[in-house]
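# Geometric and topological summary
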Amino acid sequence: MKEIARRARGTPRVANRLLKRVRDYAQVIADGIITQKVTKEALAKLGVDLIGLDEIDHKVLHTIIEKFNGGPVGLDTIAASISEDADTITDVYEPFLMQLGFLERTPRGRMATRLAYEHLGLPYNKEKPPQPSLL
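None of these values were measured; they are calculated from a predicted model.

### Considerations on the pattern of salt bridges
For the structure shown, the criterion picks out ten salt bridges. With its nearest N and O atoms 3.7 Å apart, the salt bridge here joins lysine 37 to glutamate 41. One end of the pair is lysine 37 and the other is glutamate 41, both in helix α3 (residues 36–46) and four residues apart, which spans about a single turn. The shortest N-O distance in the salt bridge between glutamate 94 and arginine 110 comes to 2.4 Å. Here arginine 110 lies in strand β2 (residues 109–112) and glutamate 94 lies in helix α6 (residues 86–99), a separation of 16 residues in the sequence. Residues glutamate 94 and arginine 110 agree in their burial class; the two are buried. Here the salt bridges share partners, and the residues they tie into one network are Glu3, Arg6 and Arg7.

The structure is reproduced here in structure tokens:
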């Protein structure tokens, strides 16, 4: 289905995992018949949003935005805040968030972008602080 493909991050392994979960849901709820409605319900219950972000993606973004004012914040701090391994965040979650333009890696740490705020429906009022004068 197109709905599964749209939310699979362009990754066949993810598409197969989502398809199996939708199939399981359809077997229990809809007599094994997978429809567009059943697919959307199953993916919503799995916590996969319209562009493929799952619960951990949302935790990462909400942590950066809500606990650390949008960043910059270090990877280990994010990992400790959401009880996830730092290597897992780096290898599994960050690449997709960066590909979407929701996350920036800077020398000072990770920062949520305006696009991340917009996707989450949060107000973006982050202004760059003025450069201190040297004189």
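The discussion continues.
### Some thoughts on helix α4 (residues 55–67)
In this model, α4 (13 residues) spans 17 Å end to end at C-alpha, consistent with the 18 Å of a helix rising 1.5 Å per residue. Those residues of α4 that are buried are in contact with α5 (75–82), α6, β1 (103–106), β2 and α7 (114–120). Its side-chain oxygen 3.1 Å from the backbone nitrogen of isoleucine 56, aspartate 54 forms the N-cap of α4.

### A word on the nonpolar core
Ranked by size, the top nonpolar core spans 22 residues in total, and within it Val60, Leu61, Ile64 and Leu97 carry the most contacts. The set of elements that each furnish at least two residues to this core consists of α4, α5, α6 and α7. When sequence neighbours within four positions are dropped, the list of residues in contact with leucine 97 reads Leu53, Asp57, Val60, Leu61, Phe102 and Leu103. With twelve residues, the next largest nonpolar core counts Val14, Leu18, Val38 and Ala42 among its residues.

Each value, and the rule that gives it
- Residues numbered from 1 in each chain as written.
- Predicted model: local features only at pLDDT ≥ 70, side-chain atom pairs only at ≥ 80, totals over all residues.
- Heavy atoms only, no water.
- Salt bridge = Lys/Arg side-chain N within 4 Å of Asp/Glu carboxyl O.
- Helix = DSSP H or I, 4+ residues; strand = E, 2+ residues; numbered from the N terminus.
- Buried < 20%, exposed > 50% of the residue type's maximum accessible area, 1.4 Å probe, protein only.
- Expected span 1.5 Å × (residues − 1).
- Contact = heavy atoms within 4.5 Å.
- Polar contact = N/O pair within 3.5 Å; in protein donor to acceptor, adjacent residues only side chain to side chain.
- Core = buried A, V, L, I, M, F, W, Y, C linked by side-chain atoms within 4.5 Å.

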